[in-house]
Amino acid sequence: MERKTRILLVEDVHTDAELAQREISKSLLSEFICVDTREDFLNALTSFKPDIIISDYQMPAFNGIMALKLAMELVPETPVIILTAATNEDTAVACMKAGARDYVIKEHIKRLGQAVLHTLEEKQTVSLKLKAEKELRKTEERLKELAENLSSVFFVYEIEEGNGRIAYLSPAFESIWIINREDIFKNPSSWLLTIYDDDREEIKTVIECLKNPNPVPVDIQFRIIDSQKKLKWIRTKASPILNKDGSLARIIGVADDITERKSAEEEKIILERQLAQAQRLESVGRLAGGVAHDFNNMLSVIIGYSELIKSDLTEDNPVYNNILEIEKAALRSRDITRQLLAFSRNQIISPRSMNLNNILESTQKSFIRLIGEDIKIDFLLADDLWNIKFDPTQMEQILMNLVVNARDAMPQGGRLIITTANASLDEFYCREHPDCTPGQYVKLSVEDNGTGMDNDTLLHIFEPFFTTKETGKGTGLGLATVYGNVKQNGGCINVGSEPGRGSIFNIFIPMYNISQKIEEKMEEEKIHTANGTILLVEDEEMLRTMITQMLKAIGYNIISAAGPIEALSICDTCNTSIDLLLTDVIMPEMNGNELKKKIEEKIAGIKTIFISGYTFDTMVKRGAFIEGANFIQKPFSISDLAKQIRSVLE
């Protein structure tokens, strides 16, 4: 049902009121209230709530101007039409200035209906406009509230007559740039001075491109220096807004501080690079361990037969020196193989509780002789240094390789500093160095002020056979050996270096809480003749023959077997008392550990020594070897073998 228009008539003449109602009713469906006093007028405003007010201009007690003023004060959105018998234009002008929407002379009362319709249409238009403006203000307030509470910087750059000005800049700018916004409003181009020098020209180019015809949105990252001299990474997305004629009206955009994200990305790249390097080193280590077995077997034969031939010759024999050269080359090859095994962390090691300072103090003189007079060496050894558990031979090998490496990096002389300290590695440090785990460590630092290394070199320095030295001046195994020894003993190593500024190697070895000083005893080993019966089990015929001759030369009685099954058969049929089982570890029929158990069932109290060219890791994984058992690594010399047998049997 159509709603009636509520009309408040202010009229003291009854006939004039009826006439006005009749004319209005011709144009629209209406509901009327007629009043002629101020009190009734005020009551009608609140109770009737008129859509429009029509008031006679002149009445005895309450006139149109009074009604108009009250309406403008109390219900300014309700339009007022003045109705009067006067034809004075001055009166009409005064009413319109006071706020009346229209002025109708009673002589032309027929125009009243159209005047009411026109006024109501204007009221609706004004109402819609006011509503739209109100909603617009609300939207603007919400957008402003949103912009001023975002962590992102929101900006509007207006273009006026070819010149630009910053029309809006959100408060987040001050928290990122640490600069007052008012300074930027006063001098819009001053923010460009905060851009990092290397990025400034690029940003200027991007801004100019946005001002060119047919500009496109941009997404760019750059660096700034805030007012506190802190470097920050900023990501800005900006979009051009065009006028109808295609010219640039403004640029709007957002800027974010992405410093933390950039740092995380850089850290991820570093970690990925370190992981790739670790995987590469592991692959090379597996390769080194894989070739060790066959290579060690061949070297054992060469060394063994060289010693046997040499023992039958006098020093004045022309062949004697040739044998010495063969032996020297074989021993050098053996050392290279052991370095490869050290890198692959598959050596058999004998870690002991030790104080690193004691090792350094005992080797100081040898280091001084090694580096020469043109290099100054300082030892900065910490008091109350924690103990570590480490293989002493490997530690000496680490120190020797690092000192030699430092010496070669200072051909014109320099300074070498060797430092020890107690260190605690936290999670933050270990996140940047993933091969380390949090805990208590003893730190060994070897620092030189030599030639240094670039980043590409640092990526490869621990790889076997990688060297920056001239041909013939290095095998490329020194640092690979250091890396393998450190890792095998549970430690970690990192390097800092820059070209022309020297290098520092930091090694962290887990603290060992049992206090014990290690005394190293070196003595010249001699081959002693001996007696007794040894059961030799070796599946490589050439190696079995060579070891048999070595043992016979020492004085032992040898019973040899080509494999475990033959060895067990010998135990069942042999009438001779067998004192020692000397067996290879990895064999086709069963492994050395399994053979040991079966022979112990047949010969109570028999001693066992394991021999192998395989890596320690391979033997343990196959269950062929138990850590702590008597073991000698191929290749070995007669003296090595004699010493090991004597220590077991005696």
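A brief structural summary. (Residues numbered from 1 in each chain as written. Predicted model: local features only at pLDDT ≥ 70, side-chain atom pairs only at ≥ 80, totals over all residues. Heavy atoms only, no water.)

**Some remarks on a positive patch on the surface**
Here's step 1: Judged by side-chain charge, Lys-134, Arg-137, Lys-138 and Arg-142 come together as a positively charged surface patch.
Here's step 2: Along the chain, Lys-138 falls in helix H5 (residues 112-149). (Patch = residues over 30% accessible without salt bridge, like charges linked within 9 Å, V, L, I, M, F, W, Y side chains within 5 Å. Areas by Shrake-Rupley, 256 points an atom, 1.4 Å probe, with all protein chains shown as cover. Salt bridge = Lys/Arg side-chain N within 4 Å of Asp/Glu carboxyl O. Lys, Arg positive; Asp, Glu negative; His and termini not counted. Charge placed at Lys NZ, Arg CZ, Asp CG, Glu CD. Helix = DSSP H or I, 4+ residues; strand = E, 2+ residues; numbered from the N terminus.)

**Focus: the pairing of strand E21 (residues 607-612)**
Here's step 1: Burial analysis of E21 places five of its six residues in the buried class, the great majority of the element.
Here's step 2: Here strand E20 (residues 580-584) pairs with E21 via five bridges, running parallel. Each residue of the ladder has a partner; that of Leu-582, found in E21, is Ile-609.
Here's step 3: For the crossover that starts at E20, traverses helix H18 (residues 592-602) and ends in the parallel E21, the hand is right-handed.
Here's step 4: As defined by bridge partners, E21 adjoins strand E22 (residues 631-633) across three bridges and the pair is classed as parallel. By the bridge assignment, Ser-612 is partnered in E22 with Gln-633. (Buried < 20%, exposed > 50% of the residue type's maximum accessible area, 1.4 Å probe, protein only. Pairing = 2+ DSSP bridges. Right-handed = clockwise from strand over helix to strand, strands pointing away.)

**Considering the packing of helix H2 (residues 38-47) against helix H3 (residues 64-74)**
Here's step 1: For the pair H2 and H3, interaxial distance at closest approach is 11 Å and the crossing angle is 30°. Regarding the angle of H2 to H3, the classification is roughly parallel. Handedness of the H2/H3 crossing: right-handed. Residue-level contacts link Arg-38, Phe-41, Leu-42 and Leu-45 of H2 to Ala-67, Leu-70, Ala-71 and Leu-74 of H3.
Here's step 2: Its residues placed into classes, the contact of H2 with H3 shows seven nonpolar, no polar and one charged. (Axes fitted to C-alpha atoms, helices over the stretch in contact; angles between N-to-C directions. Parallel < 35°, antiparallel > 145°, perpendicular 65-115°, else oblique. Left-handed = near helix turned anticlockwise from the far one by under 90°. Contact = heavy atoms within 4.5 Å. Nonpolar A, V, L, I, M, F, W, Y, C, P; charged D, E, K, R; others polar.)

**Quick word on the sheet that holds E21**
Here's step 1: Spatial ordering of the open sheet is given by E19-E18-E20-E21-E22, a layout of five strands whose pairing is parallel. Bordering the open sheet on either side are strand E19 (557-561) and E22, each of which pairs with just one other strand. Recorded for the sheet is a direction-independent mean angle of 20° between the axes of neighbouring strands.
Here's step 2: Here strand E18 (residues 533-537) runs beside E20; their pairing, made up of four bridges, is parallel. Paired with Leu-535 across the bridge in E20 is Leu-581.

**Describing the packing of helix H12 (residues 392-408) against helix H15 (residues 478-488)**
Here's step 1: As a packed pair, H12 and H15 sit with axes 9 Å apart at the nearest point and diverge in direction by 145°. In this structure, H12 crosses over H15, and the sense of that crossing is left-handed. Touching Gln-394, Gln-397, Ile-398, Asn-401, Leu-402 and Asn-405 of H12 are Gly-478, Leu-479, Thr-481, Val-482, Asn-485, Val-486 and Gln-488, all from H15.
Here's step 2: Here the residues of the contact of H12 with H15 are counted per class, giving five nonpolar, eight polar and no charged.

**Observations concerning the sheet that holds strand E7 (residues 163-169)**
Here's step 1: Pairing is antiparallel in the open sheet, where five strands are placed in the order E7-E6-E10-E9-E8. In this open sheet, the two edge strands, each paired with only one partner strand, are E7 and strand E8 (218-225). Between one strand and the next, the sheet's axes are offset by a mean angle of 30°, whatever the strand orientation.
Here's step 2: Of the strand pairs in this sheet, strand E6 (residues 153-160) and strand E10 (residues 248-257) are connected by six bridges, and their pairing is antiparallel. Following the sheet pairing, Val-153 is matched in E10 by Ala-255.
Here's step 3: Sitting on the sheet, helix H8 (residues 197-211) is in contact with E6, E8, strand E9 (231-242) and E10, with an inclination near 145° to E8.

**Structural notes on unusual backbone geometry**
Here's step 1: Of note in this structure, Lys-49 is not a glycine but carries a positive phi near 50°.
Here's step 2: Position of Lys-49 relative to the elements: it lies in the loop between H2 and strand E3 (52-56).

**A few points about helix H17 (residues 564-573)**
Here's step 1: Within H17, burial applies to Pro-564, Ala-567, Leu-568, Ile-570 and Cys-571. One face of H17 carries all of its buried residues, which in axial projection span an arc of 155°. Turned more than 90 degrees away from the buried face of H17, the exposed residues are Asp-572 and Thr-573. (Arc of directions from axis to C-beta.)

**Details of the environment of Ser-30**
Here's step 1: Along the chain, Ser-30 turns up in strand E2 (residues 30-35).
Here's step 2: Measuring from C-alpha to C-alpha, the distance between Ser-30 and Ile-7 comes to 6.8 Å, with 23 residues separating the pair along the chain.
Here's step 3: Each residue touching Ser-30, except ones within four places of it in the same chain, is listed here: Lys-4, Thr-5, Ile-7 and Ile-24.
Here's step 4: One polar contact links the side chain of Ser-30 to the main-chain carbonyl oxygen of Leu-28, over a distance of 3.2 Å. (Polar contact = N/O pair within 3.5 Å; in protein donor to acceptor, adjacent residues only side chain to side chain.)

**A short note on H12**
Here's step 1: In this model H12 runs 24 Å from its N-terminal to its C-terminal C-alpha over 17 residues, within 8% of the 24 Å that 1.5 Å per residue would give.
Here's step 2: Pro-392, Gln-394, Met-395, Ile-398, Leu-399, Asn-401, Leu-402, Val-403 and Ala-406 are the residues of H12 that are buried. (Expected span 1.5 Å × (residues − 1).)

**Comments concerning the nonpolar core**
Here's step 1: Among the nonpolar cores identified, the biggest contains 36 residues, and Leu-416, Ile-418 and Ile-507 are the most heavily contacted of them.
Here's step 2: When contributions to this core are tallied by element, the ones reaching two or more residues are helix H11 (356-371), strand E12 (375-380), strand E13 (387-390), H12, strand E14 (414-425), strand E15 (439-448), H15 and strand E17 (503-512).
Here's step 3: The leading source of residues in this core is H12, at six residues.
Here's step 4: If near-sequence neighbours (up to four positions away) are discounted, Ile-507 is found in contact with Ile-398, Leu-402, Val-442, Lys-443, Leu-444, Val-482, Val-486, Cys-492 and Ile-493.
Here's step 5: With 24 residues, the next largest nonpolar core counts Ile-195, Leu-210, Ile-220 and Ile-234 among its residues. (Core = buried A, V, L, I, M, F, W, Y, C linked by side-chain atoms within 4.5 Å.)

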